[in-house]
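So the chains spell out like this:
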Amino acid sequence: MQKLELDALRYNREAAEKVRRIIWKLAGRLGGRTVKLMNFCGTHEWTTVHFGLRSLMPPNVKLVAGPGCPVCVTPSHYIEESIRLAMDGVKVYSFGDAFKLPALRRVKGARNLEEAKALGGSVEVVYSFLDAVKKARADDGEGVFLGIGFETTTPSYSIPLRSRQIPDNLFFLSVLRLTPPAADFAIKAALDRGLTPVQGIIAPGHVSTIIGAKPWKELAEKYGIPAVVSGFEPLDLLVSIAMLLKMIVEGRNTVEIEYKRLVTWEGNIYVQRVNSEVFQVEDAAWRGLGFIPESGLELKGEYRRYDAAREFGIEPLTREKWRYDLPAACKCADITLGLAEPTDCPMFKKACTPERPIGPCMVSLEGTCAVWARFGGGGLAEEIAREVGV
Amino acid sequence: MCWGVPARVIKIGEYTALVDFGGGSTREVVLAAKDVKEGDLVMVHAGAIIGRISEEELLSSLELYKEMAVSLADGEERREIEEYIERYKQLLGVKSGGES
Ligand code: SF4
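Treat the numbers as computed from the prediction; the structure is a model and nothing was measured.

A. Focus on the overall build of chain A. A count of helical and extended segments in chain A gives 16 helices and eleven strands. Over its C-alpha atoms chain A spans a radius of gyration of 21 Å, differing by no more than 12% from the 21 Å that the globule rule assigns to 390 residues. If you take every contact in chain A between residues at least 6 apart in sequence, the share linking residues at least 24 apart comes to 78%. Put simply, chain A shows about 14100 Å² of open surface, and 50% of that area lies on carbon and sulfur atoms. Chain A carries 50 positive and 47 negative side-chain charges, and their two centres are separated by 4 Å.

Below you can see the structure in the form of structure tokens.
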């Protein structure tokens, strides 16, 4: 079945070509307008670049990557504090994505967790929080899990935390961030700067599996633009784009779900309930962007006893304390907001590469710079385009 | 960490489940969806099952593509896309009834 789903949706070139033609037809009905559609998920950007979907678009349909990578927006402060803990002998458990994530300042000689480990710091890359729980149980020392993620990652933390199976020597550093407030921030940024506004939202399928399609309605209404919750196969995205264009042509600013095989209007109510028991929503800092209201999750109530910040005296990052935290000349902030492209950065694929990342968007596979550096251009779509002579 | 990977549920525990990612690669993950049974196809994300993949909905998204074709494409084009979709539906019907 998995293979079948892939065959049906990924390699279905003929259907993709048909949807492409529909997109071109709809674009022709936009009355000469150019429309900008924004995605909010690193995996959508991956599919877009890997399969070369941009090269399938008519000239008046622009696909733009918005804030879609939780690793990219983790404030440098928390990376620096994690390095400090690791160098002090507290074991820092991290997803592989954050291992190379560069902090703004070196801490005890290390600029990221990888270097901290090389310098004798205590760092362990794990597949999941559950794995860290198992490892901490078998370990005598204290450990901290670097809890990065968007809504999709929340249940992998909140359910074990609520199960009370966490050993006393493991703590959780919450750097969880929420997608709709960041989407709002990005859409507003384009308006504030007088740039082409976002005219359609390609809403993230897996985030929406948790929060439902409902939260996108508020954004759609606020900005008078349509949203489609999309899956991750190329055909999913092409169909979602066609759905958005159809809604734009018809002047309908509502929310539709393309990714119906996983997403419902209400989302995963069980996870929403557990999350609200374990976490509370707070204003939070995003790397390079500053504070976004009600965009982060912190442990609450009795779950604060797992809070690594409290246990190890990590200073909270407040509005007053936050300082711009990207390396000089790195354009990750504008790239995250869909206001610049990786190729606008003079260091892209020169000084800054996936092997030696300078900025945070070059690290994770969901980071726009990393995606562009690995898969820039080409892909399935170009093959199709050649075949059909576009 | 943000990759969603489909898997088949082998065994359900109290707050975790054992899943098979295919090719004999199994793992214990957090069970974060209520309506999941053993044998279901699910989406695993950062070590947690975030939802059940509905095979019926997969079929109906193919239906949706067809609908779009009917409303937007014309003549020959419409017939072609309908044909493709039908072919995939047949494939789904055959496969999802048999072994995965
Ligand atoms: S190429 Fe590197 S330095 Fe430039 S914007 Fe991307 S991550 Fe930042």
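B. Expanded view of the sheet that holds strand β8 (residues 227–230) of chain A. Residues and elements named next belong to chain A. Ordered in space as β2-β1-β7-β8-β9, the five strands form an open sheet in which the pairing is parallel. Strand pairing shows two members of the sheet lacking a second neighbour, β2 (61–65) and β9 (255–257), which therefore form its edges. Across the sheet, the mean angle from the axis of one strand to that of its neighbour is 20°, orientation sign disregarded. The pairing of strand β7 (residues 200–204) with β8 spans four bridges and is classified as parallel. Each bridged residue has a counterpart across the sheet, and for I201 the counterpart in β8 is A227. Of the strands in this sheet, β7, β8 and β9 touch helix α10 (residues 215–223), which is tilted by about 165° from β7.

C. Spatial organisation of helix α3 (residues 42–50) of chain A. Residues and elements named next belong to chain A. When you tally the buried positions in α3, you get eight out of nine residues, the bulk of the element. Inspection of α3 places G42, T43, H44, E45, W46, T47, T48 and V49 among the buried residues, and these make up the whole buried set. G52 sits one or two positions beyond α3 and adopts a positive phi of about 65°.

D. Representation of the packing of aromatic side chains in the model. Counted according to the given criterion, the structure contains twelve aromatic pairs over all chains. Lying over the aromatic face of A:Y127, B:R27 brings its terminal NZ or CZ to 3.7 Å of the ring centre. The side chain of B:K34 reaches across the aromatic face of A:Y270, ending 4.3 Å from its centre.

E. Quick peek at the nonpolar core. Counting residues in each nonpolar core, the largest one holds 152 residues, and the members touching the most others are A:L161 and A:W216. Take this core: its biggest share by element is eleven residues, from helix α11 (residues 234–250) of chain A. Beyond its immediate stretch of four places on either side in the chain, A:L161 contacts A:F129, A:I166, A:V278, A:F279, A:L299, A:Y303 and A:Y306. If you look at the next biggest cluster of nonpolar residues, it comprises eleven residues, including B:V29, B:L31, B:A33 and B:V36.

F. Geometry of the sheet that holds strand β5 (residues 143–149) of chain A. All names here are of chain A. The strand order across the open sheet formed by six strands is β4-β3-β5-β6-β11-β10, and the pairing between neighbours is mixed. Edge positions in the sheet fall to β4 (123–125) and β10 (279–286), since each of these pairs with one other strand and no more. With direction set aside, neighbouring strand axes in the sheet form an average angle of 25°. Of the strands in this sheet, β6 (170–177), β10 and β11 (290–299) touch helix α8 (residues 179–192), which is tilted by about 175° from β11.

G. Representation of the environment of B:I49. All names here are of chain B. Relative to the helices and strands, I49 is located in strand β5 (residues 48–52). Taking the C-alpha atoms as reference, I49 lies 13 Å from G39; in sequence the two are ten residues apart. For I49, the contacting residues outside a window of four places in its chain are V9, A17, V19, V29, V30, L31, A32, A33, V36, V42, M43 and V44.

H. Examining helix α15 (residues 368–375) of chain A more closely. Residues and elements named next belong to chain A. The element α15 is largely enclosed, with a buried count of six among its eight residues. Every buried residue of α15 is accounted for by T368, C369, A370, V371, W372 and A373. The secondary structure elements touched by the buried residues of α15 are α3, β2 and α14 (332–336).

I. Structural detail: unusual backbone geometry. All names here are of chain A. The backbone of A329 shows a phi angle near 75°, a positive value even though the residue is not glycine. Here A329 shows up in the loop between α13 (308–312) and α14. One non-glycine residue, K349, adopts positive backbone phi at about 60°. Turning to its location among the elements, K349 is positioned in the loop between α14 and α15. On the basis of relative accessibility, which here comes to 51%, the residue K349 falls in the exposed class.

Reading the values: the criteria
- Residues numbered from 1 in each chain as written.
- Chains lettered and ligands numbered in written order.
- Predicted model: local features only at pLDDT ≥ 70, side-chain atom pairs only at ≥ 80, totals over all residues.
- Heavy atoms only, no water.
- Helix = DSSP H or I, 4+ residues; strand = E, 2+ residues; numbered from the N terminus.
- Rg over C-alpha atoms; globule rule 2.2 N^0.38 Å.
- Contact = heavy atoms within 4.5 Å.
- Areas by Shrake-Rupley, 256 points an atom, 1.4 Å probe, with all protein chains shown as cover.
- Lys, Arg positive; Asp, Glu negative; His and termini not counted.
- Charge placed at Lys NZ, Arg CZ, Asp CG, Glu CD.
- Pairing = 2+ DSSP bridges.
- Axes fitted to C-alpha atoms, helices over the stretch in contact; angles between N-to-C directions.
- Buried < 20%, exposed > 50% of the residue type's maximum accessible area, 1.4 Å probe, protein only.
- Phe/Tyr/Trp six-rings, centres within 6.5 Å; stacked < 30°, edge-to-face > 60°.
- Lys NZ or Arg CZ within 6 Å of the ring centre and 35° of its normal.
- Core = buried A, V, L, I, M, F, W, Y, C linked by side-chain atoms within 4.5 Å.

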